[in-house]
Amino acid sequence: MDNLKYYWHKLKYNLSSLMHKLLAGRYGIDHFYRFLTSVIYFLLIIQIFFRPKYLYLFTTILLFYNMYRVFSKNHQARHKENQIYLKYQRKFKSWINLQKRKFEERKEYRFKVCPNCKQNLRIKNIKGKHTVSCPKCKKDFDVKI
Ligand SMILES: [Zn+2]
């Protein structure tokens, strides 16, 4: 039993040192990797139910691209890709939050976009024509509720 334990620990140690050697100087895992992995899992689950012709190929390409990113030595390029991903993720999250807020406050407020600076404005839900002053760009515009 002790012998088995010894070999188990030795195997774990060897595997972890092998991983360290493999990943030395490599880019590794980031947010974009995690996102792509969930997309790959999602696509694999879809393929259980449907068998679209090119989805398998697309999933395989995505898988190899994800692995390529992990083992890449060009940290700068991978970091840039991750930053682009994070930028879109932030935009998507803030859009989701805005939709949630619009829904929660739909009775008291209306949400309009400033035609000048595209800022989202929350306006009290009072029927009629109003002149609204944008707090960001200070321009006035008419709103009909
Ligand atoms: Zn504005």
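A quick note: this is a predicted structure, and the numbers were derived from the prediction, not measured.

J.: I keep staring at the domain arrangement of the chain and nothing clicks. Help me out?
T.: Frequently, the measure chosen for interface size is the accessible area removed from exposure when the parts meet. Domain assignment breaks the chain into domain 1 (27–104) and domain 2 (108–145). Look at where the C-alpha atoms of domain 1 and domain 2 centre, and you get two points 36 Å apart.

J.: In this structure, what is going on with the coordination of the zinc ion? I would like to understand it.
T.: The coordination sphere of the zinc ion, as far as protein atoms go, consists of C114 (SG), C117 (SG), C134 (SG) and C137 (SG), spread over 2.3 Å. Of note is the zinc ion, whose four donor atoms meet at the metal with angles of 104 to 114 degrees in an arrangement that counts as tetrahedral. For the zinc ion, the single-chain donor residues occur in sequence as C-x2-C-x16-C-x2-C. Taken together, the residues C117 in the loop between β1 (109–113) and β2 (120–124) and C137 in the loop between β3 (129–133) and β4 (140–144) connect sequence positions 20 residues apart. A relative accessible area of 24% means that C137 is categorised as partly exposed.

J.: Even after reading the chapter, I still don't get helix α4 (residues 75–104), so can you show me in this structure?
T.: Its 30 residues give α4 an end-to-end C-alpha distance of 43 Å, which sits within 8% of 44 Å, the value for a rise of 1.5 Å per residue. All of the buried residues in α4 are R78, N82, Y85, L86 and L98. Where α4 is buried, its residues contact α2 (31–49), α3 (55–71), β1 and β2.

The rules behind these values
Residues numbered from 1 in each chain as written. Predicted model: local features only at pLDDT ≥ 70, side-chain atom pairs only at ≥ 80, totals over all residues. Heavy atoms only, no water. Domains from an automatic or database assignment. Donors = N, O, S within 2.8 Å, 3.2 Å for Na, K, Ca; no water. Tetrahedral: all angles 85-135°; square planar, octahedral: opposite > 155°, others 65-115°. Helix = DSSP H or I, 4+ residues; strand = E, 2+ residues; numbered from the N terminus. Buried < 20%, exposed > 50% of the residue type's maximum accessible area, 1.4 Å probe, protein only. Expected span 1.5 Å × (residues − 1). Contact = heavy atoms within 4.5 Å.

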